[in-house]
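The chain contents come next:
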Amino acid sequence: MQAERDISYADVNRDVVRSLVETGSKYYITLAISVSVMLACFFAPWFYQLQYGIGAAGMNHPTVWGTYLASFIFWIGLSHSGTLLSCVLHITNSSWRKAMYRSAEAMTLFSLMVAVTMVMVHLGRPWFIHWAVPYPNQMELWPNFRSPLMFDVMAITTYLTGSTIFIYMGTIPDFAAVRDRTTGWRHHMYVLLSLGWRGTDTEWHRLGWAYTFLAVLIIPLAVSVHSIVSWDFALSIVPALHQTIFAPYFVVGAIYSGTAGIVTVMFVLRKYMNFEHYITKLHFDNLGKLLLVLSLIWTYINVLEIFTGWYSGTSTEYEAIRYKLFGYYAPLYWEMILFCAVAPLLMISKRFRTSFVPMLILSIAINIGMYTERFLIVATSLSRQYLPDAWGIYVPSLVEISIMVGSLAMFVTLFLIFVKIFPSISIYEIKETLPEPEPKTQSESGAPEWQPTL
Amino acid sequence: MSSIDRRDFLKLVGAGGVGTGAGFMLRESIKHPTQHLIPYVIPPEEFSPGIATWYNTVCSMCSAGCGISVRTREGRAKKIEGNPAHPVSQGRLCVRGQAGLHTLYNPDRLTGPLLRAGEGKPGELIPITWDEGISQLAERLNVLRDDGQGNRICFLSKGVRGHLAELFELFVDQLGSSRLLHYDFAHPQTLYAAIDRLFGETHLPYYDLKNTRFLLSFGADYLGSWISPVHHGLGFGHSRQGRDGIRGRFVQIEPRMSLSGAAADEWIAANPGTEGILALGIGNYIVSQGGYQGSDREEWAASLAAYSVESVATQTGVPAATIARLAETFADTQPSLAIGGGAAGNYSNGVDTLVAVNALNYLVGNLGREGGLVFNPEPVVGRGANASQATYSTMLDLAQDARQGEIEILILNQTNPVFTLPEAAEFREALAEIPLIVSLSSFMDETTSMADLILPSHTYLESWGDDFPEPGVGFSVGAISQPVVSPLYDTRATGDIILGLARELGLTDALPWSDMEEYLQESWQGIYARGSTEAEGFEAFWTDVLKAGVWGETTRRVAPASVNASVIESVGVEAPVFSGSSDNYPFIFHPYLSNTLNDGRDANLPWMQEVPDPLTSVVYGSWVELNPTTASEMGLTEGDVVEVESPHGKVAAPVYVYPAIMPNVIAMPIGQGHDEYGRYANGRGVNPIQILSPQMESETGGLAWASTRVRLTPTGQRIDLVKTGGVSRDLGREIIQTTESDTDGGETASLHSIPITVIPT
Amino acid sequence: MATNTVGLFDAPATALAAAGELKGAGFDATSIISPIPLHGAEKVLGEKKSAIKRFTFFGGLFGMLFGFSLAAGTAVLYLHPTGGRPIITLPPFLIITYEMTILCGILATVIGFLVSARFPAMRERVYVPEAAVDKFVVSVLCSDDEHDRRAEEILRSAGAEEIRRLREED
Amino acid sequence: MSFINDFLASWREYRRPGYYEKFDYAWTMSIDLDRCTGCEACVTACQAENNLPIVGEDEFAKGREMQWIRIERYWEGEYPNVKLGFIPMLCQHCDAAPCETVCPVSATYHNQDGLNAQIYNRCIGTRSCAVYCPYEVRYFNYNNHHWDAPLDEQLNPDVSVREKGVMEKCTFCIQRIRQAKDQAKDDGRRRVRDGEVQPACVQTCPAEALVFGDRNDAESQVSQSMNHPRAYHVLEELNTDPSVVYLKKVGSNAG
């Protein structure tokens, strides 16, 4: 459909396997850089922080949450369009999803993993994190299921499990396809991963059903996950956090930043994995439309937030909004508005939506804006609570900024490893979008150019 | 058995596959920090581990003389609380009293005698033994004493009372010296002088805040630093809300709102130095219109004629209507009370001011009655706290004598004049001329750092002593200070050092006691002999006093009811004289005693550094308080560093915009600015005493520390003040709610008070 | 000993046609191996019923009960009153219930998938690697050589470009 | 059907909001703002009693002071008609405490004394309780604290020293409450007498602005305070149902 006419089924297999097997020095250099950045900027400062205490970060008495939590929400948010979008598009049978959903789902997975790491970084005593897991023990420890943070634990566990299963299940036929074309350790790995997939009609039938059920289960799950993350804030009584709109606000924001994230990832895959034939202007156009709608909804909710703050007539809400708009962090707020509400309006133009580099820049800008949004939610609200005499200001420390950068490197590292293990675009679903092969005469059919290794 | 124990196992795990992160986590999750909580290997008999022992003793953190109970566990002092039986503190304690433990356990304490080695002053201090120290000093003292040059010895102590003061007097007398001086920056000598002039009393009266209904305070920060804050706090609380249907009202008159000003119902800013004039204006109103019926009405009318309400209003800047209202309330609300102190007593006209203030008590008949001014009985021991107190001029004389080589040995006891005297006194330079300076301080401080011989004293929690609070509580009170822990270091009680010297000098006839405890026991025989106890025999009495922590006689003195006609005639307050011209130095400088650091002596206590200033919430530093109008005129905001320059020096500190200070006054807290006072005090803030002009109070010769003029120069630098407070305005949130009346509880309904129904979950 | 006769086709249409013919000829154990799911397969090879939905449903149901008892039951066991809320606090516990429903639903779906599709395969089964690329393979289980021959015939006539005989492990 | 009856009975029991009626004590503090002088004695008393660390100037500047009770100050009006009000702010031991519900590991909960208890050992340092607390009276150990020897000799052996990563807050001096209850038991009494137990801040307050006691005892001083016409709760609109009751200042604060 969107692929060029001259792509054959075999081309798809070849291209995808090539993307897994053929690894250039550029890849290794990138991997080396991202691993070093991850070690130097994430793990080193984190170990320092474990030794010193959370004091290594810039948090203080009124603002006990900082960039770690903002990063956590950001990564959770980024995870929201992968699997969710994939599921929605699967159920609605949108075929343009097929070229991009695998990497989008991977994005979900890895951003969830990074988000979980951010929780570890955020905790005062991460070595006791298992206490938040309900397992029977002699210490009479039991988690508190009334806590929104426990909802988080449950929801994120479920989401991580669900997303992992979902991406894995959709990849089983592809593992099988790759299995046949690889040798050595890769082959053994794919033999295990493909579970012995053959592609019989029964297997396809079962896979189809299971996949659809999963999609149906994961959509409400994904919506609940970010709603629950928003309740970490909204269930508190902190002015400007205690708002009913927070759950939809977070969900929309999550999908928004996630979709922008997909645009970024698509660009990179297209450019550096040579998937130009599969990831096309159509994807950017469609994602652009989606982004535009999301940005409008997001802007609407932001305007509502200001309106309710002003209309509430209470000193606390009013002050919280005033501080956000004109206080210490105001430059960040207006940066966010510029990146997330104003700049996306460019996507009204189709020409803009179908140009790759501008879309890349915009998608990165949107995610910077969305990170800022999360930071502002934490910083402005916590530093301006009920008792003015306890107000304070929070400025992230070097450790925090470094860990923020390092978490990005961690995500990139995970993604780099992913593209060499997972077929980063779906082989069989791409094939589905291709025209069905016509029957040929027997004489034209040649011997396969490669030997099966089974 | 396997030779791998748990530790090895963990090492293996850590080193092995788990990796650094997990190994770290494991280490953190299993480690058990241990604290050495039980210092005794073999505990003394009276301790049972886990059971607290309480000792009653006396607080020495300021001169109020509160009784305290110290909780000890396993031989270590853990907590100080007020002694409920002691009439001064009645079980309560102030912020500084709580911090006494940090004096005891201060890491910067001197741990043993030190002698400056080598010739010349900047020699190194080397540890010596007590015997060496005592004998060397005794030798030097003996030479002068034998030569009849005893007067070349000066003994300079902080203000002490009770038998230790007696001991000092005996000792110095035996040395043949007349130079026994007590020096405290904040000693209220002008109040002593005023009370003396007005009532002929050499001791301070007791101001009965507890039962008063209307208090007019002229500059006395009675809740923060003035005389006996804990006792005043008790009185304040009781007067406000301790009686059915009666609520005391408090009015504070001062140029810069102090802690007491904030707690008061009304804060009135009168021009600095005109507090006494204002008092006389009120007096004038009472005499002329307030129905004063005393037999000496004519004399008073004559004396106060010059202080008509209108002219006073012009001079003080307080509206005439306010003066009239204050006068009427003061006269009509009985019992009422007028007190004066703080800056009001430390302008050039300090004594006159305080005479004027205290005269108000006479005019409305407050003398000698509940809720008024009660005269204290004669001190039980000695001549009272004011007897040996050095004024500023005395200290100047001492410095002069030192410069002329008339002082050969200076013995310092826990006082730090180098810090608490203005630079203009050039005291440091004078000290440099003294051949032998001996310090009995427990801590290194600016003055002790100049000493040649340091014989460190115990802190008050390790030594025997006694105290007779002055002013008392209207009757005689005394308490014995007993050691609550065994000494931490190789130090000795001040009294024991003196007795040791006396022994060494062969003065056993006059000072025959072997140690302070014995001396006290013998001295308290006299108190026992006063008969105000039911105890059978002295031993029982002694034990009782130690157990109760207090001894007292509840009989009150009958007060003199009249004021001499000549005194009435002398009542009058001159306009204050300020040092520096108002053109060059547009601001009046108002240093004030910090609630936490006192005159700077508590700056080495970490708790005191870290407890926020009550009014500004600033910690760990100095600041300059400016009126918001002044600040905005000068383009200054909080944190801008300004140079405060007087004719006698300058200091630089950040600005704090303070809403309750007169526009032409700038204020700075005293206490910071140490450079030789241990790790917690050194290098923090500045010492505003340094830049004070050597202006003296005209009658006593005390330092008129509130009469310096300064100018401000912005330096362009900025410092973020370290403080707890964010925005100290409640923005309509009704955090502190008020009610107009004590009884009806009615308040205006507000948005915030609308109850919200809780939805059951 | 049973063998499988497999025919490789270029196009799904011909493969489906071949399967249809085989089915018509009485070969019940016929299956199609294809690189993409073939939507016409069910029409040819008969409706398939899958137990997965039951797994999902009962998994979800179990998750719901488990989730609620996990939250509410343990709250009663560990009596920690917090925030003035009742010991059994419905709104938060329903969230836990919701999450557990989905989690168990997902896990049950996976189990259902593995069971019904007989994964992971523990022995070698009929497989044609080309089917993962672009070949559409019709496989038929033949009990003896006679059946083999007939199947081969049908496949060839339907246009199979290659015929293989494969043996499946028992 | 007794099984169903039992179930319903316990269901009703466990669905009852509050659940606190069965508790023996409901410790309460009343703070008379008309008496409070803002002298900060309570702050230091608390530090001495509860092993609160000295964080040092740098940490303090970062806003990491550890003071379980603090004095807040609110100015009203402008010079010369300016007034300053002090309000001691400490853990309000709310019956409907937002901090309690949010802790994922039950490190903070309502104990049998009606106190908002913090179990240090159990805390994993999510700091969410501090976010949820509208009074901002929860203090986090951003690092391990150090006492210069021999200042550590002062540490109260009845109170633990908290390590990094742990949230802490006012306990109403639970160690003293426990001791008083033990004493009452030893004396054969069922209940602690009013005034028998005083947290360090209450004990030291020179103006006697702070009063502590059991509001289940109708005769106690705090019960009287709670029924006083001047009684109010700070941030009452949040319905946190605090156990600290403030008595209004008398007279217009705007002077």
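Asks: I would appreciate a short explanation of the confidence of the model for chain D in the present structure.
Replies: Reading predicted coordinates in detail is not appropriate for stretches of low pLDDT. For chain D, mean pLDDT is 90; residues scoring 70 or higher make up 98% of the total. Predicted complex, confidence summary: ipTM 0.89, pTM 0.90.

Asks: Please explain the interface of chain A and chain C as it appears in this structure.
Replies: Interface size is commonly expressed as the accessible surface area that is lost when the partners come together. The interface of chain A with chain C comprises 62 residues on the first partner and 66 residues on the second. Carbon and sulfur atoms make up 70% of the surface buried where chain A meets chain C, a total of about 5,500 Å² over both sides. Linking chain A with chain C are 0 salt bridges, by the criterion used here. Across the chain A-chain C interface, the total number found is 18 residue pairs in polar contact (both at pLDDT 80 or more).

Asks: How do you make sense of the sheet that holds strand β11 (residues 266-268) of chain B when you look at a structure like this?
Replies: Across a sheet, strands are paired by hydrogen bonds formed along the backbone, either parallel or antiparallel in direction. Residue and element names in this part refer to chain B. Strands sit in the order β11-β10-β9-β12 across an open sheet of 4 strands; the sheet is parallel. Edge strands, defined here as strands with exactly one partner in the open sheet, are β11 and β12 (336-340). The sheet shows a mean angle of 15° between the axes of neighbouring strands, direction not considered. Along the sheet, helix α10 (residues 275-288) makes contact with β9 (214-218) and β10 (249-253), crossing β9 at roughly 145°.

Asks: What is the right way to read the pattern of salt bridges from this model?
Replies: Residues and elements named next belong to chain B. Evaluated as defined, the whole model comprises 74 salt bridges over all chains. For the salt bridge of Arg 109 with Glu 462, the shortest nitrogen-to-oxygen distance reads 2.8 Å. With Arg 109 in the loop between α4 (100-104) and β4 (114-116) and Glu 462 in the loop between β16 (453-454) and β17 (465-467), this residue pair connects regions lying 353 residues apart in the sequence. Relative accessible area serves as the criterion here: at 3%, Glu 462 is assigned to the buried category. Residue Asp 640 pairs with Arg 718 through a salt bridge whose shortest N-O separation is 3.0 Å. Highlighted residues: Asp 640 in strand β22 (residues 640-646) and Arg 718 in strand β25 (residues 708-718), separated in sequence by 78 residues. For Asp 640, a relative accessible area of 14% puts it in the buried group. A residue is classified by how much of its surface remains accessible, and Arg 718, at 49% relative accessible area, is partly exposed.

Asks: So what exactly am I meant to see when it comes to the interface of chain D and chain B here?
Replies: Taken together, the contact pairs 77 residues of chain D with 96 residues of chain B. Here chain D meets chain B over a buried area of about 7,400 Å², counting both sides, of which 53% is carbon and sulfur. Across the contact surface, chain D and chain B share 10 salt bridges. With a shortest N-O distance of 3.3 Å, Asp 34 of chain D and Arg 240 of chain B are connected by a salt bridge. The interface formed by chain D and chain B holds 41 residue pairs in polar contact (both at pLDDT 80 or more) in total. Residue assignment for the side of chain D that touches chain B shows that the elements contributing at least two residues are α2 (41-49), α3 (56-61), β2 (70-76), β3 (83-89), α7 (200-204) and β11 (249-250) of chain D. Ranked by the residues each element gives to the side of chain D that touches chain B, the list is headed by α2 of chain D, at 7 residues.

Asks: Would you take a moment to explain helix α7 (residues 201-234) of chain A for this structure?
Replies: Residues separated by three or four positions in an α-helix point in the same direction, a consequence of the helix having 3.6 residues per turn. Residue and element names in this part refer to chain A. Given a rise of 1.5 Å per residue, 34 residues ought to cover 50 Å, and the 48 Å separating the end C-alpha atoms of α7 matches this to within 8%. The largest bend in α7 comes to about 25°, at Ile 218, with the proline Pro 220 one to four residues further on. With 25 of its 34 residues buried, α7 lies for the most part within the structure.

Asks: Would you explain the packing of helix α9 (residues 281-312) of chain A against helix α11 (residues 330-342) of chain A in this entry?
Replies: Each pair of packed helices can be summarised by the angle the axes make with each other and by the distance between the axes. Residues and elements named next belong to chain A. Close contact between α9 and α11 brings their axes to 10 Å; oriented N to C, the two are set at 150°. Touching Ser 295, Trp 298, Thr 299, Asn 302 and Ile 306 of α9 are Tyr 333, Met 336, Cys 340 and Ala 341, all from α11. When its residues are assigned to classes, the contact of α9 with α11 shows 6 nonpolar, 3 polar and no charged.

Asks: What am I meant to see in the packing of aromatic side chains here?
Replies: Within a pair of aromatic rings, the relevant descriptors are the distance that separates the centres and the angle that separates the planes. According to the stated counting rule, one finds 75 aromatic pairs over all chains in the structure shown. Ring centres 6.0 Å apart and planes at 75° place the aromatic pair Tyr 347 of chain B and Phe 578 of chain B in the edge-to-face group. Separated by 231 residues along the polypeptide, Tyr 347 of chain B in the loop between β12 and α14 (350-363) and Phe 578 of chain B in the loop between α21 (565-570) and β20 (587-593) bring together distant segments of the chain. Phe 578 of chain B matches Tyr 347 of chain B in its accessibility class, with the two residues each being buried. When the ring of Phe 113 of chain C is compared with that of Phe 119 of chain C, the centres are 5.7 Å apart and the planes differ by 50°; the resulting orientation is tilted. Over the ring of Tyr 27 of chain A we find Lys 420 of chain A; its NZ or CZ atom is 5.0 Å from the centre of that ring.

Asks: Explanation requested: a nonpolar patch on the surface in the structure shown.
Replies: Residue and element names in this part refer to chain A. On the surface, Phe 307, Trp 310, Tyr 311 and Tyr 318 cluster together into a nonpolar patch covering about 520 Å² of accessible area. Per element, the largest residue contribution to the nonpolar patch is 3 residues, and it comes from α9. With respect to the secondary-structure elements, Trp 310 resides in helix α9.

Asks: For this particular structure, what's the right way to read the environment of Ser 69 of chain B?
Replies: Residue and element names in this part refer to chain B. Residue placement: Ser 69 occurs in strand β2 (residues 67-73). When the C-alpha atoms of Ser 69 and Pro 483 are compared, they prove to be 11 Å apart, with 414 residues separating the residues in sequence. Residues within four places of Ser 69 in sequence aside, it is in contact with Trp 54, Tyr 55, Asn 56, Lys 79, Ile 80, Glu 81, Gly 82, Asn 83 and Pro 84. At a separation of 2.5 Å, a polar atom in the side chain of Ser 69 contacts the side chain of Asn 56.

Rules behind the numbers
- Residues numbered from 1 in each chain as written.
- Chains lettered and ligands numbered in written order.
- Predicted model: local features only at pLDDT ≥ 70, side-chain atom pairs only at ≥ 80, totals over all residues.
- Heavy atoms only, no water.
- pLDDT = per-residue confidence, 0-100.
- Contact = heavy atoms within 4.5 Å.
- Buried area = accessible area lost by both parts, 1.4 Å probe.
- Salt bridge = Lys/Arg side-chain N within 4 Å of Asp/Glu carboxyl O.
- Polar contact = N/O pair within 3.5 Å; in protein donor to acceptor, adjacent residues only side chain to side chain.
- Pairing = 2+ DSSP bridges.
- Helix = DSSP H or I, 4+ residues; strand = E, 2+ residues; numbered from the N terminus.
- Axes fitted to C-alpha atoms, helices over the stretch in contact; angles between N-to-C directions.
- Buried < 20%, exposed > 50% of the residue type's maximum accessible area, 1.4 Å probe, protein only.
- Expected span 1.5 Å × (residues − 1).
- Bend = angle between axes of the 7 residues up to and from the residue.
- Nonpolar A, V, L, I, M, F, W, Y, C, P; charged D, E, K, R; others polar.
- Phe/Tyr/Trp six-rings, centres within 6.5 Å; stacked < 30°, edge-to-face > 60°.
- Lys NZ or Arg CZ within 6 Å of the ring centre and 35° of its normal.
- Patch = residues over 30% accessible without salt bridge, like charges linked within 9 Å, V, L, I, M, F, W, Y side chains within 5 Å.
- Areas by Shrake-Rupley, 256 points an atom, 1.4 Å probe, with all protein chains shown as cover.

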